[in-house]
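# Structural features, examined
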Amino acid sequence: MNARLDSFSYDDEIVRKFLWATMIWGLVGFLIGLIIAIQLPLPGFNAAPYLTFGRLRPLHTNAVIFAFAGNAFFCGAYYSTQRLLKARMWSDALSKVHFWGWQAIIVAAAITLPLGFTQSKEYAELEWPIDIAIAVVWVAFAVNYFVTLTKRRERHIYVAIWFYIASIITVALLHIFNNLSVPAGAFKSYSIYAGVQDAFMQWWYGHNAVAFFLTTPFLGLMYYFMPKAADRPVFSYKLSILHFWSLVFLYIWAGPHHLHYTALPDWASTLGMLFSVMLWMPSWGGMVNGLLTLRGAWHKVTEDPILKFFVVAVTAYGMSTFEGPMLSIKSVNALAHYTDWIIAHVHTGALGWNGFLTFGMVYWLAPRLFQTEIFSKKLMEWHFWLATFGILLYVVAIYSAGATQGLMWRAFDETGRLQYPDFVETVMRLMPMYWVRVMGGTLYITGMLVGIYNLYRTWASRPATYEVPVVQAAPLNPAYTDPHAPATGGLWARFTDMGWHRRWEGMPLFFSVMTAIAVIVASLFEIVPTFLIKSNVPTIASIKPYTPLELAGRNIYQREGCFNCHSQMIRPLMYETERYGDYSKPGESVYEHPFLWGSRRIGPDLARLGGKYPDLWHVRHMYNPREVVQKSIMPAYPHLQTAVIDFAAIQKSVDAMAMIGVPYGDAVNTAPELARAQAAQVAASVEAAGGPKGLADKEIVALTAYLQRLGRDLKNATAGGAR
Amino acid sequence: MADNDNDKLLEHAYDGIQEYDNPLPTWWKWIFYVTILVVPIYYWDPMGIGVGPGKEKAYEEQMAAFSAAHPKTAGTYTDEQVAAFAKDPARVEAGKVVYTTYCVPCHRPDGGGQIGPNLTDDFWIHGGRPTDVMKTVVEGVLAKGMPNWGKMLKPDQVEGVVGYVITLHGTNPANPKAPEGVQAAPDSVPSVSQGAAGPAKKGM
């Protein structure tokens, strides 16, 4: 043993900061969720233009994922990593850059999303300047983290650290490659990918954001805080190894299950499904290791609200990671896709797994960080029960809503007609369930408020100055040799002995490289063929780029977040083509930067909307949807009749699109003129039909032109005509 | 701590956290193997429960089977039959409900027309014979923005709403839209007096 001991202390100040950020942003994220939950049954609750459902929904998802869960991960990771490595974070300055940078990004998101600045890719909505900031802050975090790893005083890295490493590396990759785009202004950009490829990249990202932002970081937290709180050893080291590597390798492939029956090629869809099914047990490895760690400690669960939070968290994790593989089966997905079922699924995960693990962790940390007793154990119990009933109400209502809508969409009557051909009828049926969701959400938020009050009171009784305990530990001995004798026998015997893995655990940087390789190799297996196989996207000659005015209209469609409620992707399923028209072809999306296929149908699909109604219908419908469709729950957009089109910006949009290969020809030079001419035509048609006058330079005309174009090119192809 | 004292603890500890050297749970291992086995079974599909012919082919097969099971009922009505719908009070009353829900946004409650044409005058864009009106409702005129309501409405709803529209003819809405289309020959248009049972009868 090395006799010399280092004396050092842990940086708990940064942990305290992240703890408060977690709870405050969590409350904000949940409240926005409540607002948008009320907006659905009560469309008048949409305060246009900034606070409509389409703009707030991304703010809700971003706040909960990146602000609430993100800060919770950082909070727990900074606390546990230092102790597991017996080392203070390498640079307090970088820790602070990470904290303040991350909070600034959240504030930027909270400002820009309601303003309508969005890339319109789910959970990657933030525009390019913020994306760059995220990358910079993430690198600061990563550098600090990896240097700390090299300065550790514990030879081997514990399983929690493996999960943190995988998260840090993979999130960086996902973020960078999904957000590659060409700017067309300070807060506007177009994805460099189009259509099928963009959809693939987005769900490679989207699915793995769930994996590497909401799953692996929280598994890491579980592996530290649960055995700590239960004071029990972890059930199985071998299981940790196997489920870690299988999870990291298999997860990456699963993204295409978000695109079953879409224009994504079948082979990708099949891969996505099969790898999702294989992912079931690797995911459950975490649940098993968590729950079985409580063996012999179940009597404590009844007394300790912290363990109660953990048990519900791990159970919710188990439920949603069983449901995930099940939903990835194509035939199940055909029913569930585009419905509230998916919303219920993610809320089991977010409210149950991420929320409860965070609450348990925060309550465990609070007395240690604030160096005092928790203010009230009773309030912890209240928080637990309020939130538990909140989740139950929420998911029961929304699972029923999902199943109801999915079944209504596909129902045929005995004469071979759709049983519910009027889409709005399938929406009306959900209203009672939407109100139950509002109640469930309110309970969950009430619990959160109780929790914040409890934490505040705990904090208020902190000592005048925090004690900073000095820790002593020996530095790593460079002359160390592995005491473990390598297993004898064949390859299999040496593999199952796991001595090799023990050695990897002593080499964190090598371990990180191996993790990166697992993730990158798995990604390339799907990405390379998606981009290289030509038959993935058969060309359709009649598909032409949008006109400059239509492109401006599309920008408005993106800005208002229409894709949050409307898909543009008709699946080759009888009940879809019967309702919406011919199914969507891959070749139709070749100029779609980014793709706007959508993932949820709160309103009907729009892929074949063009030409279905006259221009005036759209003008009136956008002004007040209920004038045209009595029971519609869509927000009203009256401001589109007064807002003036930014014709100068259209040129920038066209130029950016041209730069990424959209054949714009002459429009590259004359976009504003072309747009004005088309706008005058649309405005004239509206006026001639008896609609409002003087719309020729108003945004509604651009949006109408875009909506009237949707699906037109394919119809022209089948009619043999030119546009 | 009673029930697992026999489990072997590994020597190492991290910040006080220890780990057992327990083997993988048998059920866990076997379910994992089974999910891996799903891959060849699904992909090569020896039992016909797997990947199948692909989504487009499967769709075409489904469509063929469906149309075989549901032969198109040729909606052949005579002018007399359609005109009779307008004289059936119950049918017209039901048709008014349909009209109020789906037609009012474009044709106004009194049929005077707004986005869509005036339904009360003698001018018809797509023909004024009762079967023409029926055809326009069922098939729509997509180029002009008239949806094909045959998809949206059940046959009895279509019959009702066509009957109701016929009763609107000859009424005098306030502020009507200017006539569009061709004036129909007098004998081809059922007049309100023919459809006298219509509850919406105004004037005349």
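Residues numbered from 1 in each chain as written. Chains lettered and ligands numbered in written order. Predicted model: local features only at pLDDT ≥ 70, side-chain atom pairs only at ≥ 80, totals over all residues.

Assigned secondary structure in chain B consists of seven helices and four strands. Helices and strands in chain B line up, N terminus first, as β-β-α-α-α-α-β-α-α-α-β. Sorting the 204 residues of chain B into buried and exposed places 34% on the buried side. The contacts of chain B with a sequence gap of at least 6 include a subset with a gap of at least 24, amounting to 67%. (Helix = DSSP H or I, 4+ residues; strand = E, 2+ residues; numbered from the N terminus. Buried ≥ 20, exposed ≤ 12 C-beta atoms within 10 Å, placed from the backbone. Contact = placed C-beta atoms within 7 Å.)

Along chain A, the regular secondary structure elements total 27 helices and four strands. At 27 Å, chain A has a C-alpha radius of gyration in line with the 27 Å of a compact globule built from 723 residues. The dimensions of chain A, computed from C-alpha atoms along their principal axes, are 90 × 55 × 55 Å. Taking all 723 residues of chain A together, the buried fraction comes to 57%. In chain A, once contacts between residues fewer than 6 apart in sequence are set aside, the share between residues at least 24 apart is 83%. (Rg over C-alpha atoms; globule rule 2.2 N^0.38 Å.)

Residues and elements named next belong to chain A. Split by domain assignment, chain A resolves into domain 1 (15-472) and domain 2 (548-719). Counting residues at the interface gives 44 residues for domain 1, matched by 50 residues for domain 2. Elements that contribute at least two residues to the side of domain 1 that touches domain 2 include exactly α2 (53-85), β2 (181-183), β3 (189-191), α6 (195-230), α14 (377-410) and α15 (423-428). In terms of residue count, α2 provides more of the side of domain 1 that touches domain 2 than any other element does, five residues in total. In the side of domain 1 that touches domain 2, the residues fall into 26 nonpolar, 12 polar and six charged. (Domains from an automatic or database assignment. Nonpolar A, V, L, I, M, F, W, Y, C, P; charged D, E, K, R; others polar.)

Another aspect to go through is the packing of α2(A) against helix α13 (residues 340-370) of chain A. Packed helix pairs are characterised by how far apart their axes lie and by the angle those axes make with each other. Residues and elements named next belong to chain A. Direction vectors running N to C along α2 and α13 enclose 40°, while the axes themselves pass 11 Å from each other. With respect to α13, the axis of α2 lies oblique. For α2 against α13, the interelement crossing comes out left-handed. The segment α2 lies against α13, with V64, A69, A72, G76 and Y79 engaging A350, N354, T358, M361 and L365. Its residues assigned to classes, the contact of α2 with α13 shows seven nonpolar, three polar and no charged. (Axes fitted to C-alpha atoms, helices over the stretch in contact; angles between N-to-C directions. Parallel < 35°, antiparallel > 145°, perpendicular 65-115°, else oblique. Left-handed = near helix turned anticlockwise from the far one by under 90°.)

Residue and element names in this part refer to chain A. Secondary-structure assignment places H60 in helix α2. In this structure the C-alpha to C-alpha distance between H60 and G29, which are 31 residues apart in sequence, comes to 5.3 Å. Every residue in contact with H60, bar those within four places of it in the chain, is listed here: G29, I32, G33 and I36.

What follows concerns the interface of chain A and chain B. Taken together, the contact pairs 46 residues of chain A with 47 residues of chain B. Of all elements in the fold, only α2, α6, α7 (237-251), α8 (266-278), α9 (280-293), α22 (615-623) and α23 (625-628) of chain A reach the threshold of two or more residues within the side of chain A that touches chain B. Considered class by class, the residues forming the side of chain A that touches chain B number 27 nonpolar, nine polar and 10 charged.

Residue and element names in this part refer to chain A. Direction vectors running N to C along helix α20 (residues 548-559) and helix α25 (residues 667-688) enclose 80°, while the axes themselves pass 7 Å from each other. By the angle class used here, α20 and α25 are roughly perpendicular. For the pair α20 and α25, contact is made by P548, L549 and A552 and by A667, A671, L674, A675, Q678 and A679, respectively. Here the residues of the contact of α20 with α25 are counted per class, giving eight nonpolar, one polar and no charged.

What follows deals with the environment of A:V312. All names here are of chain A. Position of V312 relative to the elements: it lies in helix α11 (residues 305-328). For V312, a count of 22 C-beta atoms within 10 Å puts it in the buried group. C-alpha of V312 to C-alpha of M222: the two residues are 90 residues apart in sequence and 12 Å apart in space.

Before going further, it helps to spend a moment on helix α26 (residues 699-709) of chain A. For α26(A), a buried count of 11 out of 11 residues is recorded, marking the element as mostly surrounded by other parts of the structure. Looking one or two residues beyond α26(A), the residue adopting positive phi is A:G711, at roughly 80°.

Attention now goes to the domain arrangement of chain B. For chain B, the domain assignment lists domain 1 (7-69) and domain 2 (79-188). Distance between the C-alpha centres of domain 1 of chain B and domain 2 of chain B: 56 Å.

So, about the nonpolar core. Counting 255 residues, the largest nonpolar core has A:F310, A:A313, A:A702, B:V161 and B:V162 as the members making the most contacts within it. Ranked by residue count, the leading element in this core is α6(A), at 23 residues. (Core = buried A, V, L, I, M, F, W, Y, C linked by C-beta atoms within 7 Å.)

Residue and element names in this part refer to chain B. Model confidence for chain B is summarised by a mean pLDDT of 83, while 86% of its residues fall at 70 or above. Note that residues 191-204 has pLDDT below 50 and, in this model, 37 contacts with residues that lie over four places away or in other chains. Per the prediction output, this complex has pTM 0.92; the corresponding ipTM is 0.91. (pLDDT = per-residue confidence, 0-100.)

Helix length check: helix α1 (residues 26-44) of chain B (19 residues) gives 28 Å between terminal C-alpha atoms against 27 Å at 1.5 Å per residue, within 8%. Looking at the residues trailing α1(B), positive phi occurs at B:D45, about 55°. (Expected span 1.5 Å × (residues − 1).)

On to the pairing of strand β2 (residues 17-20) of chain B. Residues and elements named next belong to chain B. Judged from the three bridges that link them, strand β1 (residues 9-14) and β2 form a sheet pairing that is antiparallel. In the sheet register, L9 faces β2, and the bridge partner there is Y20. As consecutive antiparallel partners, β1 and β2 are separated by two residues, and within that stretch D15 has a phi angle of approximately 45°, a positive value. (Pairing = 2+ DSSP bridges.)

This part is about unusual backbone geometry. All names here are of chain A. With an omega dihedral of -10°, the bond running from H593 to P594 counts as a cis peptide bond. With respect to the secondary-structure elements, P594 resides in the loop between α21 (574-580) and α22. The phi angle at K86 is positive, at roughly 50°, despite the residue not being glycine. Note on placement: K86 falls in the loop between α2 and α3 (92-112). A positive phi is found at Y123, a non-glycine position, where the angle reads about 65°. You can see Y123 is positioned in the loop between α3 and α4 (128-150). The exposure class of Y123 is partly exposed, given the 18 C-beta atoms found within 10 Å.

It is worth spelling out the environment of A:L549 at this point. All names here are of chain A. In this fold, L549 is placed in helix α20. For the pair L549 and T704, spaced 155 residues apart in sequence, the C-alpha separation works out to 9.6 Å. Residues in contact with L549, not counting those within four places in the same chain, are A675, Q678, A679, A702 and A705.

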